[in-house]
Amino acid sequence: YAFHWQRFLFEQFPKGIRNFARLNHAGVYSLYESIPVEQRIFVAMEPSPHPSLLHLESQAHRLDLPSAARLASTLGSVLAEMETSSIPTRLLGAYDYTLSPKGTPRLRNPAAFPGAPEASFLENSTHLASLLEPFLPDDPKSHELLEILRNPGTSAFDLLQRTREF
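Basis of the calculations
- Residues numbered from 1 in each chain as written.
- Predicted model: local features only at pLDDT ≥ 70, side-chain atom pairs only at ≥ 80, totals over all residues.
- Heavy atoms only, no water.
- Helix = DSSP H or I, 4+ residues; strand = E, 2+ residues; numbered from the N terminus.
- Rg over C-alpha atoms; globule rule 2.2 N^0.38 Å.
- Buried < 20%, exposed > 50% of the residue type's maximum accessible area, 1.4 Å probe, protein only.
- Contact = heavy atoms within 4.5 Å.
- Areas by Shrake-Rupley, 256 points an atom, 1.4 Å probe, with all protein chains shown as cover.
- Lys, Arg positive; Asp, Glu negative; His and termini not counted.
- Charge placed at Lys NZ, Arg CZ, Asp CG, Glu CD.
- Phe/Tyr/Trp six-rings, centres within 6.5 Å; stacked < 30°, edge-to-face > 60°.
- Lys NZ or Arg CZ within 6 Å of the ring centre and 35° of its normal.
- Expected span 1.5 Å × (residues − 1).
- Arc of directions from axis to C-beta.
- Salt bridge = Lys/Arg side-chain N within 4 Å of Asp/Glu carboxyl O.
- Core = buried A, V, L, I, M, F, W, Y, C linked by side-chain atoms within 4.5 Å.

**Q** Can you break down the overall build of the protein residue by residue, with the values?
**A** Looking only at helices and strands, the protein features 6 helices and 4 strands. When the helices and strands of the protein are read in sequence order from the N terminus, they spell out α-β-β-α-α-β-β-α-α-α. In summary, the protein has a C-alpha radius of gyration of 17 Å against a globular reference of 15 Å for 166 residues, a match within 12%. The buried share of the protein, reckoned over its 166 residues, is 43%. Long-range contacts, defined as pairs at least 24 residues apart, comprise 66% of the intrachain contacts of the protein with a sequence gap of at least 6. Counting every atom, the protein has about 9300 Å² of accessible surface; 56% of that belongs to carbon and sulfur. Each charge class in the protein can be summarised by its mean position, and for the 15 positive and 18 negative side chains these summaries are 5 Å apart.

Structure representation (structure tokens):
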């Protein structure tokens, strides 16, 4: 069993790396290079110097509404590009979203690897709403943004358009 699992990983990992490499978006940390050497693949990725939502949550940090809206807009933009390029998406968690001190959002690798579960734009959008809700003030504008994330429309392009208009 272990041999088959290792073989599966060795065969599927390069495909996952190729999926990630095809995604060239300013809102995603970059894959610089991947080098296969014998039974290994060395991967060089752009470092992510900013805290993730998970880190901010552990510090009981609050987000301002513009930062949360930029995060939602970045998600829509990245997912729209992934839809256009037929790159499968995985479900993103609190660790995968980062924010600079000025509120500039970036995502860690959103590409799903072959054999791993894929997620739709709707799953990612509604999950981001649940992640952001504890960070936001309890006011009508925050509720409006969360409602956009929970009901984004029929595609990632709809989500992008609605969050940009927000």
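Having seen it, we continue.
**Q** Any chance you could break down the side chain of serine 125 for me, citing the residues and the numbers?
**A** Structurally, serine 125 can be placed in helix 4 (residues 121-132). With a relative accessible area of 0%, serine 125 lands in the buried category. In contact with serine 125, not counting residues within four places along its chain, are Leu75, Ile148, Leu149, Pro152 and Leu159.

**Q** Break down the packing of aromatic side chains for me, citing the residues and quoting the values.
**A** Two numbers describe a pair of aromatic rings. These are the distance of the centres and the angle of the planes. Inspection of the entire model under this criterion finds 0 aromatic pairs. In this structure, arginine 106 is placed above the aromatic ring of tyrosine 29, and the distance from its NZ or CZ to the ring centre is 4.4 Å. Sitting above the plane of the tyrosine 95 ring, arginine 108 keeps its charged end 4.0 Å from the centroid.

**Q** How would you sum up helix 4? Please name residues and give values.
**A** The first and last C-alpha atoms of helix 4 sit 16 Å apart over 12 residues, in line with the 16 Å expected at 1.5 Å per residue. Taken residue by residue, helix 4 has Phe121, Asn124, Ser125, Leu128, Ala129, Leu131 and Leu132 as its buried positions. Looking straight down helix 4, one finds that the buried residues subtend no more than 165 degrees of arc, so they occupy a single side. Where helix 4 is buried, its residues meet helix 2 (53-58), helix 3 (65-84), strand 3 (97-99), helix 5 (140-150) and helix 6 (156-165).

**Q** Any details on the pattern of salt bridges? Residues and values, ideally.
**A** Considering all chains together, one arrives at 4 salt bridges under this definition. The residue arginine 150 makes a salt bridge to glutamate 133 at a minimum N-O spacing of 2.9 Å. Within this pair, whereas arginine 150 is found in helix 5, its partner glutamate 133 is found in the loop between helix 4 and helix 5, the two being separated by 17 residues in sequence.

**Q** Give a detailed account of the environment of leucine 65, specifying residues and quantitative values.
**A** Structurally, leucine 65 can be placed in helix 3. When its relative accessible area of 17% is taken as the criterion, leucine 65 is described as buried. In this structure, the C-alpha to C-alpha distance between leucine 65 and leucine 145, residues 80 residues apart in sequence, is 8.5 Å. Among residues more than four places away in sequence, those in contact with leucine 65 are Leu136, Lys141, Ser142, Leu145 and Phe166.

**Q** Lay out the nonpolar core with the relevant residues and their values.
**A** Leu53, Leu63, Leu75, Tyr97, Leu128, Leu132 and Leu136 are the most contacted members of the largest nonpolar core, which totals 38 residues. The set of elements that each furnish at least two residues to this core consists of helix 1 (2-22), helix 2, helix 3, strand 3, helix 4, helix 5 and helix 6. Sequence-distant contacts of leucine 63, defined by excluding residues within four places in its chain, comprise Leu53, Leu56, Leu99, Leu132, Phe135, Leu136 and Pro137.

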